[in-house]
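Chain residues, written in single-letter form:
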Amino acid sequence: MLKPLDPLLHSELRLAVISILIGVEAADFVYIKQHTGATAGNLSVQIDKLYKAGYIDVEKGFVGRKPRTLCKITDVGRTAFKQYVDALKDYISVKEA
Amino acid sequence: MDNQKSLEIISQMIADTSNQIERNSGKYFLCWGYTTVAVSIFEYFVMCLHLNTALIWAWWLIPVIGGVATVILARNETPTPKSYVDRSISAVWAVFGASSLYAFVAAVVYSTSMFYLIVLLMGMGTVITGAICQHRKLTLCGAIAMLLSLIFPIKHIAIRDIGAERFQSNSDWLIYSDIIIFAVIFLVMMVIPGHIMNCKSKK
């Protein structure tokens, strides 16, 4: 029986955000926006969904006078990502077989 | 979104983030490498031409120029997320940099040779950085530097056994050649891999 894919991560932009955050300590909003190519509005909405699910932490602060939003993956997010990748592997191995 | 697309996104984002590490490291190697080579060549001529002995303090230009340039380069960088690899590399260079500075100060205070220890420490730092970044050429250059560091004690023993007087009479260049060897090792250890890393990240 195949495990269901986490619907929260099975979205292009949210998966891209989590994939960026999995390899770093923290990434700011501008960096994530540049690398995902998303619009600021859409990215804010998706980040908010990940935050509400407890997958990421969001820290709002300032660097000099500029506002900065820093995103960091949580342990819950890390586990969810691992489970998502494991489920994905299962789907692919079944398809190949 | 299909499963194939999910995999593509994951691998693309992870690859983009890890590529950042290499893009940032090359310029720091070049900055410290060229500074050390330039100051060493300057000091070699100061010693050989018997210029003002106060110029020996110019060795301090290496940590001063290197440190200031590192801060400027870091400030001018476009803000990028710090990865665990970045933190590991920073910790490695903080420890090896501080140890080399300590070796340098100890060499000044006790009038001993600093070259062997500094080259060995910097070589170790380079090998570890290469291993963390999985950069084989950087690891190799660091390992070569560690091996070349043996030149200093071997040369010291050779001069002691053959007889220092024989060299001191008219062979200043041989006595001070330690400085040139030091510069050449830094060229191999930092400048060459720095350029390789920069070329690779530009492609």
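### Focus: the overall build of chain A
Then step 1. Across its full length, chain A holds four helices and three strands.
Then step 2. Element order for chain A, N to C, with α for helix and β for strand: α-β-α-α-β-β-α.
Then step 3. When burial is assessed residue by residue, chain A has 30% of its 97 residues classed as buried.

### Overview of the pairing of strand S3 (residues 66–73) of chain A
Residues and elements named next belong to chain A.
Then step 1. Here two bridges tie strand S1 (residues 24–28) to S3, and the two strands are oriented antiparallel to one another. Pairing of Ala 27 across the sheet is with Cys 71, part of S3.
Then step 2. Where strand S2 (residues 56–63) folds back on S3, the antiparallel hairpin that results is connected by two residues, among which Gly 64 adopts a positive phi of roughly 65°.

### A word on the pairing of S1(A)
Then step 1. Strand direction decides the pairing type here: S1(A) and strand S1 (residues 82–83) of chain B, joined by two bridges, are antiparallel. If you follow Val24(A) over to S1(B), its bridge partner there is Ser83(B).

### Considering the packing of helix H1 (residues 12–22) of chain A against helix H3 (residues 40–52) of chain A
Residues and elements named next belong to chain A.
Then step 1. Viewed as axis vectors pointing N to C, H1 and H3 meet at an angle of 70°, and their least axial separation amounts to 10 Å. By the angle class used here, H1 and H3 are roughly perpendicular. Every pair of crossing elements has a handedness; the one defined by H1 and H3 is right-handed. Taken together, the residues of H3 that come into contact with H1 (itself represented by Leu 13, Arg 14, Val 17 and Ile 18) are Asn 42, Leu 43, Gln 46, Ile 47, Lys 49 and Leu 50.
Then step 2. Residue composition of the contact of H1 with H3, grouped by class: six nonpolar, two polar and two charged.

### Quick look at helix H9 (residues 177–202) of chain B
All names here are of chain B.
Then step 1. Taking 1.5 Å per residue as the helical rise, H9 with its 26 residues ought to reach 38 Å, and the 36 Å between its terminal C-alpha atoms agrees with that figure.
Then step 2. Along H9, the largest kink reaches about 35° and is centred on Leu 187.
Then step 3. Three or more residues of H9 are buried, namely Asp 178, Ile 179, Phe 182, Ala 183, Ile 185, Phe 186, Met 189, Met 190, Pro 193, Gly 194 and Met 197.

### Looking at the sheet that holds S1(B)
Then step 1. Taken together, four strands build an open sheet; the order of strands is S2(A)-S3(A)-S1(A)-S1(B) and the sheet is antiparallel. Both outer strands of the open sheet, S2 of chain A together with S1 of chain B, are each paired with one neighbouring strand and no more.
Then step 2. When S2(A) meets S3(A), the two strands line up antiparallel, connected through eight bridges. Within S3(A), the residue paired with Lys60(A) across the bridge is Thr69(A).

### A look at the confidence of the model for chain A
Predicted coordinates in areas of low pLDDT are best not read in detail.
Then step 1. Per-residue pLDDT for chain A averages 87, and the proportion of residues at 70 or more is 95%.
Then step 2. When pLDDT is averaged over each helix and strand of chain A, the minimum, 84, is found for helix H4 (residues 75–96) of chain A and the maximum, 94, for H3(A).

### Examining the interface of chain A and chain B
Then step 1. Between chain A and chain B, the contact holds 19 residues from the first and 18 residues from the second.
Then step 2. Looking at the side of chain A that touches chain B, the elements with two or more residues in it are H1, S1, helix H2 (29–36) and H4 of chain A.
Then step 3. In the side of chain A that touches chain B, the residues fall into 11 nonpolar, five polar and three charged.

### Looking at the confidence of the model for chain B
Then step 1. Looking at chain B, the pLDDT average stands at 84 and 87% of residues meet or exceed 70.
Then step 2. Reported confidences for the modelled complex are a pTM of 0.72 and an ipTM of 0.71.

### Quick look at the environment of Asp90(A)
Residue and element names in this part refer to chain A.
Then step 1. Structurally, Asp 90 can be placed in helix H4.
Then step 2. Each C-alpha atom, one on Asp 90 and one on Lys 3, is 8.1 Å from the other, the two residues being 87 residues apart in sequence.
Then step 3. Ignoring any residue separated from it by four or fewer positions in sequence, one finds Asp 90 in contact with Leu 2 and Lys 3.

Rules used throughout
- Residues numbered from 1 in each chain as written.
- Chains lettered and ligands numbered in written order.
- Predicted model: local features only at pLDDT ≥ 70, side-chain atom pairs only at ≥ 80, totals over all residues.
- Helix = DSSP H or I, 4+ residues; strand = E, 2+ residues; numbered from the N terminus.
- Buried ≥ 20, exposed ≤ 12 C-beta atoms within 10 Å, placed from the backbone.
- Pairing = 2+ DSSP bridges.
- Axes fitted to C-alpha atoms, helices over the stretch in contact; angles between N-to-C directions.
- Parallel < 35°, antiparallel > 145°, perpendicular 65-115°, else oblique.
- Left-handed = near helix turned anticlockwise from the far one by under 90°.
- Contact = placed C-beta atoms within 7 Å.
- Nonpolar A, V, L, I, M, F, W, Y, C, P; charged D, E, K, R; others polar.
- Expected span 1.5 Å × (residues − 1).
- Bend = angle between axes of the 7 residues up to and from the residue.
- pLDDT = per-residue confidence, 0-100.

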